Each structure stands twice: as structure tokens, then as C-alpha cells.
Amino acid sequence: MLGNFSYKNATKLYFGDDSLKYLNDELPKYGKNVQLIYGGGSVKRNGVYDAVMQILKANGKTVVEDAGVMPNPTAEKLREGVRIARENNVDLLLAVGGGSCCDYAKAVSVSVHCDDDPWDKYFIRFEEPDCEIVPVGCILTMAGTGSEMNAGSVITNHEQKLKIGHVFGEEVMPKFSILNPTFTLSLPKRQMVAGIYDIFNHICEQYFSGEDDNTSDYIAEALMKSVIHSSLIAVEDPQDYEARSNIMWSATWALNTLISRGKTTDWMVHMLGQAVGAITDATHGMTLAAVSLPYYRFIMPYGVKKFARFAVEVWGVDPTGKTDTQTAEEGLAAMEAWMKKIGTAMDLSELGVTEDMIEAIADATIILDGGYKALTRDDVVSVLKASL
Ligand code: NZQ
Ligand code: ZN
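Rules behind the numbers
Residues numbered from 1 in each chain as written. Chains lettered and ligands numbered in written order. Predicted model: local features only at pLDDT ≥ 70, side-chain atom pairs only at ≥ 80, totals over all residues. Heavy atoms only, no water. Patch = residues over 30% accessible without salt bridge, like charges linked within 9 Å, V, L, I, M, F, W, Y side chains within 5 Å. Areas by Shrake-Rupley, 256 points an atom, 1.4 Å probe, with all protein chains shown as cover. Salt bridge = Lys/Arg side-chain N within 4 Å of Asp/Glu carboxyl O. Helix = DSSP H or I, 4+ residues; strand = E, 2+ residues; numbered from the N terminus. Axes fitted to C-alpha atoms, helices over the stretch in contact; angles between N-to-C directions. Left-handed = near helix turned anticlockwise from the far one by under 90°. Contact = heavy atoms within 4.5 Å. Nonpolar A, V, L, I, M, F, W, Y, C, P; charged D, E, K, R; others polar. Donors = N, O, S within 2.8 Å, 3.2 Å for Na, K, Ca; no water. Buried < 20%, exposed > 50% of the residue type's maximum accessible area, 1.4 Å probe, protein only. Near = heavy atom within 4 Å. Polar contact = N/O pair within 3.5 Å; in protein donor to acceptor, adjacent residues only side chain to side chain. Domains from an automatic or database assignment.

1. A short note on a nonpolar patch on the surface
Residues Met1, Phe5 and Tyr7 make up a contiguous nonpolar surface patch of roughly 290 Å² in combined accessible area. Checked against the element boundaries, methionine 1 lands in the segment before strand 1 (12-15).

In C-alpha cells, the structure reads:
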């Protein structure tokens, strides 16, 4: 552990199949006006909306609805949410949904009391909030992003063909999040699998950097093993509460800032996936799955020792008599077999990407240098072509 860091996570969590009742403990801490943020209607179909509304009413809140947050929330929708919050003098932004609703709530929270256009200020100029922040609470219905316990917010601008994430400071983290695994049981299987791969990749993004002996990597390996184990149970029986609850808890720990401590972190699969998302609007976890294997096979020679360790510790590959490269290749083959088994996207064609889109996706790809190799633009194009 050679890194220097500080650590704080400001979000209070309530976890379990009775966790919604703790909304009663949280609501009195905030003013009367609540902006209830949700997506395209799944919360109305599975009863979560009614249950939340009942608690809001019982606590005497005035509720203003902000529905229709789409997967991959847009800059246009963000501006609408800011307008709703301003017009109704909102005291709490309560997101009920997946990562898209939580991310959107955070982006609204830093924009209500600020004059600048939120897209330009936070996602182009990457400024930090310099105005009052409206508190956010989350009631999570999909496990994957970790947005419930981090300060990340990813917004898509279709006009500019960009999908960009801003990781804010701890003051933007949700004040509280309610994680009831039963709320995730109504997810379509493909969404569940996209969430599972998103979790797994968040761990990989932080794991595949650095050569030091780092506690964060041991925690990452344990989390990856738990995700693999529970995913295999959940794809056989999506109603298995134990597996789904483990997946939900792993999702939170995969991206609540803990396992990145003391690490440079990579995040290039996300940069590639977000660029694919900017052009296609495809499901986040599937965009990551489609580019992962070509990317990891490309960078493996530059971080072969870590990839060999990944093979042994996470996938149980026996390294006896093998070179690091052989061991690492076996690990990636095991990962590929697992991805096929749970049903992730395996290439970009499945997501509607064609060869003529590659240049635009490469243009939208932000290149980071925390991993084992900083890609050139030509490398980005090669990885994208190999992912088709
Ligand atoms: O809109 P509704 O009708 O609610 O349907 C949603 C949506 O269509 C549905 N869904 C959610 N919970 C459900 C359900 N359907 C039935 N039953 C339920 N219980 O699932 C679909 C996807 O929801 P969404 O919130 O978009 O998924 P996810 O949680 O994967 O969030 C994706 C967004 O988060 C960003 C992604 O880029 C993407 O924009 N990310 C945020 C991160 C962060 N804050 O740290 C990190 C991630 O890497 C990611 O980039
Ligand atoms: Zn992700």
C-alpha cells in the first residue's frame, strides 16, 4: 500500500427487506417539499411508488413529481429537473430507481441554486459546485452502478454525442440510501445481468492498476468472487433473495470509493463504454461487456503479473508450470466463459454498432492514464474494431 489518501463516506445506508421503513427516520430531517424522482414507470408496476408515497404523505410532505428519468439521463432532462426544483422550492431530492435516477438527482442537486448551465459547468468545464447543494436521498431498485453511495453522476448529451461522468466531492453523496433487495426482483433478466457486469467491471477498473502489494486489491478479489458466485445463482433463479441481496451489497462496495484507496485506477473500459453509449444509447453494463475482453487482452502484456494474479485468485487457474502470460490468458478465457454463461453482450455489433461508427466512438472516448498502458487514439480504434 504505497498510496497516500483520505477516506470518508458520507452516505448512511439502510439495507434489507424491511429497509424502506427507515425512510420515516430520515424524512423529518428535511423540509416539507420533496421532489420525487423516478424513471419510466417500473416503480409504479412493482408497488415501490405506492409504498414510498404512503410514507411521504404520512410524514406530511408536499410531493412534486419528476418522472421520466431515462436510462442514461440527458442534459435536457437535467435542465427540466432543475426547473422543477426551483419552481417548487424543493428541500429534498428523493430518487427512486436505478443509477440513472440517483445520478440525475445528484446533478440536479448541484444545479438548483447555480445560474450556469449544468451541462457546461459540470460536464464540460468540470467545475465543482460553488452554490448551495440540495440534499439527495436514494431508494434503489437496480443494483449495479454504486451511485447510491458515491458522488458520481453520468449525463448524456445526444446533440454533442457525449456521455460524461463527473465524480463530485463527498458533499454530493446521497445523505441516505435505502437498499431493499426485494425491490430489484422485478428487473428484467437482461437488466440484472447488465448490472452484474457493471459491478464486476467497476472492481476490475480499480484492480488493474499499480504493482504494489495493496490491501484494496485483496478486498477487490473477495468482492469479485462473491459477484461471480451469486451471479451464477441469480441467472438460474432470479428470485433467489440471498444471491440478489449479495449482488446488491457487492455493487455498493464495488464503487463506494473504498477499493480505489491507494490506487491510480484504470477506468478505460468505462471511457470506451461511455463513448459507445453516447453514440448508441445502449445499456451501460452491456457497453462495458462488449469492449472488455478486447481491451484487457490488449493491455494484458503491460500488466501481466496482475493479470496472472487475477487468473489465480479470482478464477482459480493453476499456475504450475505456466508462464505468467499463459496463466493470464487462462484467466481471461475463464472470464469470457463466465460472461457467456450469465448472458452479457459479447460484442459491439449486438448493440447496433457498425464499422462506420468507430471514428465517432473514438472521438467521444476520453483517454485516461491510470492503468497499465495509456492508449493512443489508434489503440482506441484497434480495441473498438476488435470489439465489433
Ligand atoms: O425507468 P424505469 O421504468 O424505472 O426502468 C428502469 C430502466 O429502464 C429499469 N428498472 C430499474 N429498476 C427496476 C427496473 N425495471 C423493473 N424493476 C426494477 N426494480 O432498468 C432500466 C435501467 O435503469 P438505470 O437506472 O438506467 O440502470 P443503471 O442502474 O444501470 O444506471 C445506469 C446509469 O448509471 C450510470 C450509467 O452510465 C448510466 O447512465 N453510471 C453511474 C455511475 C456512478 N454514479 O458512479 C457509475 C457507473 O459506471 C455508470 O456509469
Ligand atoms: Zn459502470
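Once the structure has been displayed, the description carries forward.
2. Details of the packing of helix 7 (residues 189-207) against helix 9 (residues 241-254)
Closest axis-to-axis distance for the helix 7/helix 9 pair is 9 Å, and the angle between their directions is 35°. For the crossing formed where helix 7 meets helix 9, the hand is left-handed. Residues Met192, Ile196, Ile199, His202, Ile203 and Gln206 of helix 7 pack against Arg244, Ile247, Ser250, Ala251 and Ala254 of helix 9. Within the contact of helix 7 with helix 9, the residues separate by chemical class into seven nonpolar, three polar and one charged.

3. A word on the coordination of the zinc ion (ligand 2)
Each pair of donors in an ideal octahedron of six around a metal sits at 90 or 180 degrees, and each pair in an ideal tetrahedron of four sits at 109.5 degrees. On the protein side, the zinc ion (ligand 2) has Asp198 (OD), His202 (NE2), His270 (NE2) and His284 (NE2) as donor atoms, found 2.0 to 2.1 Å from it. Linear spacing of the donor residues for the zinc ion (ligand 2) on their chain is D-x3-H-x67-H-x13-H. Separated by 72 residues along the polypeptide, aspartate 198 in helix 7 and histidine 270 in helix 10 (residues 268-280) bring together distant segments of the chain. Classification of aspartate 198 by relative accessible area gives buried; the value is 3%. For histidine 270, a relative accessible area of 4% gives the class buried.

4. A word on the site of ligand 1
In the vicinity of ligand 1 lie 30 residues, with Gly40, Ser42, Gly99, Ser100 and Asp103 positioned nearest. The side chain of asparagine 72 places a nitrogen or oxygen atom 3.3 Å from an oxygen atom of ligand 1. Contact distances for ligand 1 include 2.8 Å between an oxygen atom and a side-chain N or O atom of histidine 202. In isolation ligand 1 has 960 Å² of accessible area, and contact with the protein removes 89% of it. Of all the secondary structure elements, the ones that give two or more residues to the shell around ligand 1 are helix 5 (99-109), strand 6 (152-157) and helix 7. Its residues assigned to classes, the shell around ligand 1 comprises eight nonpolar, 19 polar and three charged. Each of two domains, domain 1 (12-183) and domain 2 (189-386), supplies a minimum of three residues to the shell around ligand 1.

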